[in-house]
Amino acid sequence: MYVFISSPTAKVLRGLKERRPDLKLNILLTAARLPREMEKFLAEFAPIIKSIAFDNGAFSAINSKLDITVDQLITRFTVHSSLHQDKYLMVFSPDFNFGPDGFEQNYEELLKMEDAGIVAVPVIHNLKNHEAWSYSEDHPEFIAIGQSKRRLSPSNLFPVVFDLVEHHINVHLFGITDFELISGCPIFSCDSTSWLKDANTGVIRFWNPEIKDRNKTDIIYFPEELDKRREDIKSRYDHPYIDVFEQYLQEQLGLSMDQFIGSKDKQMYRQMALVLYYNTLEKVITELHLKEGFCL
């Protein structure tokens, strides 16, 4: 199972390459924020990149202020994909209609990609209608599940995933890394955007071997001010496993706690720690899938 890290910066990848040259990461790049010098970017980080997926940037175009129109973005995406498709494991078809009735519009964009000679991954936005089986009729290698009503409910998500896998189709989940969901069904891959948001808000996840549960995800809050508190997450001042995390930082990234919380690069270190968590999660879920007989 693959967990793609969405839009990692060169600075973060450079830090990881220096401290963890053994890593093999799956990354997701988007047409909305492509590296300026793509060839140099790929050459520099090839030693720590396992595979790359390419997103059309629809979510960013709709939810962010970008200096580009939707039509311009689709053109950029199509041209880039046609020239560089060999670099990507998956290229996600334009799906600018996130609604439950956007099949026709999104399917037209998929056909345009095919006309341009691009093998694109269709994206489902309705788990209850015909979308899944309509796309599966073409026997694609991959199908992605994007924003859709109640997709975080196993009773809605799992039947669609299992049915697609039975038809020998690999399933990607957009923006879902919930442990119970991704361990409970035979997905091929998912992607994380929360690693960057969490880092910006001081929320750090790590795989804590001291936790006895199947899901050993632990969360620590690193507030910017000494007196700042969050009721839902224990801060580093009163977390019972802060010493375990400190040892984890030293062993995994060669960082002291002082570096992690007090250096000028602390933001980058947070991001690195979170990328490392999702890379660990990928390995853990892969092992669980193998035990369950999920892997294709």
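Described below are features of the structure shown in this document. (Residues numbered from 1 in each chain as written. Predicted model: local features only at pLDDT ≥ 70, side-chain atom pairs only at ≥ 80, totals over all residues. Heavy atoms only, no water.)

## Points about the overall build of the chain
Applied cut-off: Under the scheme used here, helices are H or I runs from DSSP no shorter than 4 residues and strands are E runs no shorter than 2 residues, and both carry numbers assigned from the N terminus. For a compact globule the rule gives 2.2 Å times the number of residues to the power 0.38, and the radius of gyration it is set against comes from C-alpha atoms. Residue exposure (1.4 Å probe, protein chains only): buried if accessible area is under 20% of the type maximum, exposed if over 50%, otherwise partly exposed. The contact criterion used throughout is that any non-hydrogen atoms of two residues lie within 4.5 Å. Per-residue and other accessible areas were derived by the Shrake-Rupley procedure at a 1.4 Å probe size, with only the shown protein chains allowed to occlude residues. Only four residue types enter the tally: Lys and Arg on the positive side, Asp and Glu on the negative side, with His and both chain ends excluded. A single reference atom marks each charge: NZ on Lys, CZ on Arg, CG on Asp, CD on Glu.
Check the secondary structure of the chain and you find 12 helices and 10 strands. A globule of 296 residues ought to have a C-alpha radius of gyration of about 19 Å, and the chain, at 20 Å, matches this closely. For the chain, the C-alpha atoms occupy an extent of roughly 55 × 40 × 35 Å along the three principal directions. Within the chain, the proportion of its 296 residues that are buried is 51%. Summarising the internal contacts of the chain: among those between residues at least 6 apart in sequence, 62% fall at separations of at least 24. Approximately 14600 Å² of the chain is accessible, and the part contributed by carbon and sulfur atoms is 50%. Seen as two clouds, the 33 positive and the 43 negative side-chain charges of the chain have centres 6 Å apart.

## Observations regarding the side chain of R151
Along the chain, the position of R151 falls in the loop between β6 (142-145) and α7 (154-166). For R151, the residues in contact, after removing those within four places along its chain, are L127, I145, G146, L157, F174, G175 and I176.

## Quick look at the sheet that holds strand β1 (residues 2-6)
As a reminder, the rule being used: Whether two strands pair comes down to DSSP finding at least two bridges between them. Throughout, an axis means a line fitted to C-alpha atoms (over the contacting stretch in the case of helices), and angles, computed between N-to-C directions, take values from 0 to 180 degrees.
In space, the eight strands of this open sheet follow the order β4-β3-β2-β1-β8-β7-β6-β5, with parallel pairing throughout. The open sheet terminates on both sides in strands that have one partner only, identified here as β4 (90-91) and β5 (123-124). In this sheet, strand β3 (residues 49-55) lies alongside strand β2 (residues 25-30) in parallel orientation, the contact comprising six bridges. Bridge pairing links I27 to I52 in β3. Of the strands in this sheet, β1, β2, β3 and β8 (189-192) touch helix α12 (residues 266-292), which is tilted by about 165° from β1.

## Concerning the packing of helix α1 (residues 10-19) against helix α2 (residues 38-45)
Working note: a packed helix pair is described by the angle between its axes plus the distance between those axes. Rules: Relative orientations are named as follows: roughly parallel for angles under 35 degrees, roughly antiparallel for angles over 145 degrees, roughly perpendicular for angles from 65 to 115 degrees, and oblique for any other angle. In a left-handed crossing the near helix is turned counterclockwise from the far helix by less than a right angle, and in a right-handed crossing that turn is clockwise. Gly is placed with the polar residues, together with every amino acid not listed as nonpolar (Ala, Val, Leu, Ile, Met, Phe, Trp, Tyr, Cys and Pro) or charged (Asp, Glu, Lys and Arg).
For the pair α1 and α2, the least separation of the axes is 10 Å and the interaxial angle reads 20°. It follows from the interaxial angle that α1 and α2 lie roughly parallel. Considering the relative orientation of α1 and α2, their crossing is left-handed. Between α1 and α2, the contacting residues are A10, L13, R14 and K17 on the first element and F41, E44 and F45 on the second. Looking at the contact of α1 with α2 residue by residue, the class counts come to four nonpolar, no polar and three charged.

## So, the pairing of strand β9 (residues 203-207)
Burial analysis of β9 places four of its five residues in the buried class, the great majority of the element. As defined by bridge partners, β9 adjoins strand β10 (residues 217-221) across five bridges and the pair is classed as antiparallel. Paired with I204 across the two strands is I220, which belongs to β10.

## Topic: helix α4 (residues 70-84)
Rules: Working rule for helices: expected span equals 1.5 Å times residues minus one. Summarising the geometry, the arc corresponds to the directions from the helix axis toward the C-beta atoms.
End to end, α4 covers 21 Å across 15 residues, agreeing with the expected 21 Å (1.5 Å per residue, within 8%). Taken residue by residue, α4 has L73, I74, F77, H80, S81 and H84 as its buried positions. Down the axis of α4, the smallest arc covering the buried residues is 140°, so these residues share one side. Among the exposed residues of α4, those pointing more than 90 degrees away from its buried face are D71 and L83.

## Digging into the environment of S194
Using the following cut-off: N or O atoms closer than or at 3.5 Å make up a polar contact, with two conditions inside protein: a donor-capable atom paired with an acceptor-capable one, and, for residues adjacent in sequence, both atoms drawn from side chains.
With respect to the secondary-structure elements, S194 resides in helix α9 (residues 194-200). Residues S194 and N26, 168 residues apart in the sequence, show an inter-C-alpha distance of 15 Å. Here S194 is in contact with T177 and Y278, once residues within four sequence places are set aside. Side-chain polar atoms of S194 contact the side chain of Y278, separated by 2.8 Å.

## Examining the pattern of salt bridges
Defined as follows: For this analysis, a salt bridge means a side-chain nitrogen from Lys or Arg found within 4 Å of a carboxyl oxygen belonging to Asp or Glu.
Enumeration over the complete set of coordinates arrives at eight salt bridges. Here D265 makes a salt bridge to K11, at a shortest N to O gap of 3.8 Å. With D265 in the loop between α11 (257-262) and α12 and K11 in helix α1, this pair connects stretches of sequence that are 254 residues apart. On the basis of relative accessible area, D265 is assigned to the buried category, the value being 19%. Classification of K11 as partly exposed rests on a relative accessible area of 48%. One salt bridge in this structure joins K40 and E37, with 3.2 Å as the shortest N-O distance.

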